[in-house]
Structures are given as structure tokens and as C-alpha cells.
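Take a look at the letters that make up each chain.
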Amino acid sequence: MSIFDRFLPKKKPLEIKNNIPKEKETMKKAFGIYCHKNHGTKDDKLCPKCTALLATVMTKMNRCPYGITKPICDRCEIQCFGEKQTKEFMKIMSSTGTGMFFRHPIMAIKHKMASMSVDYSKHEMEKKQQEKAKHKEKLAKEKAKAKEASEKKK
Ligand code: SF4
Ligand SMILES: [Zn+2]
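Since we're looking at a predicted model, the values are computed, not measured.

### What about the overall build of the protein?
Looking only at helices and strands, one finds five helices and zero strands in the protein. Against the compact-globule benchmark of 15 Å for 154 residues, the protein has a radius of gyration of 24 Å, which places it well outside the compact range. Considering the protein as a whole, with its 154 residues, one finds that 16% of them fall into the buried category. In the protein, 62% of the contacts between residues at least 6 apart in sequence involve partners at least 24 apart.

### Examining the packing of helix α2 (residues 48-62) against helix α3 (residues 83-95)
One way to put it is that α2 packs onto α3 with a least axis distance of 11 Å and a crossing angle of 105°. Judged on the interaxial angle alone, α3 and α2 are roughly perpendicular. Along its contact with α2, which presents Leu53, Thr56 and Val57, the element α3 presents Gln85, Glu88 and Phe89. Looking at the contact of α2 with α3 residue by residue, the classes come out as three nonpolar, two polar and one charged.

### Observations regarding the environment of Gly32
Within the secondary structure, Gly32 is located in helix α1 (residues 20-39). By the C-beta count within 10 Å, which is 22 here, Gly32 ends up buried. Distance from Gly32 to Tyr120, taken between C-alpha atoms, is 29 Å for residues 88 residues apart in sequence. In this structure Gly32 touches Asp44 and Leu46, once residues within four positions along its chain are discounted.

### Details of the nonpolar core
With 17 residues, the main nonpolar core has Ala30, Phe31, Tyr34, Leu54, Val57, Phe89 and Ile92 as its most contacted residues. Counting residues per element, this core draws most heavily on α1, at six residues. Those residues in contact with Val57, other than ones at most four positions away along the chain, are Met27, Cys73, Phe81 and Phe89.

### What to know about the packing of α1 against α2
One way to put it is that α1 packs onto α2 with a least axis distance of 11 Å and a crossing angle of 165°. Relative to α2, the element α1 is oriented roughly antiparallel. Considering the relative orientation of α1 and α2, their crossing is right-handed. Facing Ile20, Lys24, Met27, Lys28, Phe31, Cys35 and His39 of α1, the residues of α2 in contact are Cys50, Leu54, Val57, Met58 and Met61.

### Re the site of ligand 1
Close to ligand 1 lie Lys60, Met61, Cys64, Pro65, Tyr66, Lys70, Pro71, Cys73, Cys76, Ile78, Gln79 and Cys80, which account for all nearby residues. Of the residues belonging to the shell around ligand 1, the class tally is nine nonpolar, one polar and two charged.

### Some words on α3
Taking 1.5 Å of rise per residue, 13 residues should cover 18 Å, and α3 covers 18 Å from first to last C-alpha, within 8% of that figure. Considered for burial, the residues of α3 that qualify are Phe89, Ile92 and Met93. Buried residues along α3 cover an arc of 95° about the axis, so they all sit on one side. In this structure, α3 carries Glu83, Lys84, Lys87, Lys91 and Ser94 as exposed residues pointing more than 90 degrees from its buried face. Buried residues along α3 sit in contact with α1 and α2.

### Brief notes about helix α5 (residues 105-153)
With 49 residues, α5 extends 72 Å from end C-alpha to end C-alpha; this agrees with the ideal 72 Å at 1.5 Å per step. The element α5 is barely covered by neighbouring structure, given that only two of its 49 residues are classed as buried.

### A short note on the environment of Lys17
For Lys17, the position within the fold is in the segment before α1. The exposure class assigned to Lys17 is exposed, which follows from the 8 C-beta atoms found within 10 Å. C-alpha of Lys17 to C-alpha of Ile68: the two residues are 51 residues apart in sequence and 7.3 Å apart in space.

Scoring rules and cut-offs
Residues numbered from 1 in each chain as written. Chains lettered and ligands numbered in written order. Predicted model: local features only at pLDDT ≥ 70, side-chain atom pairs only at ≥ 80, totals over all residues. Helix = DSSP H or I, 4+ residues; strand = E, 2+ residues; numbered from the N terminus. Rg over C-alpha atoms; globule rule 2.2 N^0.38 Å. Buried ≥ 20, exposed ≤ 12 C-beta atoms within 10 Å, placed from the backbone. Contact = placed C-beta atoms within 7 Å. Axes fitted to C-alpha atoms, helices over the stretch in contact; angles between N-to-C directions. Parallel < 35°, antiparallel > 145°, perpendicular 65-115°, else oblique. Nonpolar A, V, L, I, M, F, W, Y, C, P; charged D, E, K, R; others polar. Core = buried A, V, L, I, M, F, W, Y, C linked by C-beta atoms within 7 Å. Left-handed = near helix turned anticlockwise from the far one by under 90°. Near = placed C-beta within 6 Å. Expected span 1.5 Å × (residues − 1). Arc of directions from axis to C-beta.

Don't take any of this as a statement about function, it's just geometry.
Next up, the structure:
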């Protein structure tokens, strides 16, 4: 620590935002739009089937293994709702994109941005893994060549 450090602005500790309440709100709206369109319910009301599915999703979110660092559920690789429910959930989330955009544009845009950020992180991770694998392959080839050369010398 230098003498000048006391005059520099202090670094703020990294803050992890809890986006779960907002995600839940977005899901509720998406379910409302879907149910109204497909099951004929009034306004944002949900039919028993959609209510049950949403309740499962909410419970699972409360117990999410990622905690508040979780990705959004429709981009998650674990998809912990069970096979049938996950399929239904994905159908609801993907088919309500346009409806959400017209009825709740800010929510829809924020959700889209969150999806894009998860996709970007996944893409970057895959890229890094591929680079690592290539590097490993290159090293192995070089090692083999060096071994071959030293055996020829003998
Ligand atoms: S689907 Fe993924 S992000 Fe969503 S609650 Fe389950 S584990 Fe967590
Ligand atoms: Zn419904």
C-alpha cells in the first residue's frame, strides 16, 4: 500500500444482484399471456394446469443449486423441472416472446438481454475449451516429433 492510496477512490466490493424476483415476475406475465391465448382464461389468470406448472417452477427456483448467480431458467443446462414440465415450460417461454414484447416491452427486452448474455458466456466458454484442446493437441504432436527425432539420432 503506497502513501497515495488514501487519496484514490476506494474500490467497491463486487455486488451480485439477485435477479430472481424479476425473473419470476417475467415468468408470471409470460404464463398469463400463454394461458389466456391457449386456454381461454380471463386477462392474466391461469388455468389449473398452468398454475401447477408455475408453482413447480417457482419452488424449483427457490431451491436452485446456483443460488442468486443462476442463469435464467430457459437458458439453463440443468433444467431441473423434470422432463415433461421442462418441455411445457420451454414451450410457454418461447411462444410468448412477441406477446411479451407488446404487453411488457421493458421486461421482454431485459429477459432477451439476459438470454443473450448467457448465450455469450456459453459461446466464450466453448471457445476457450476448444483453444485449450487445440493447444494440448499441438503440444502432443510436438512431443511426438521430438521423440521421433531423438530415436532417429540413436
Ligand atoms: S432450471 Fe436451472 S436455473 Fe432454473 S431453477 Fe432449475 S437449476 Fe436453477
Ligand atoms: Zn393454462
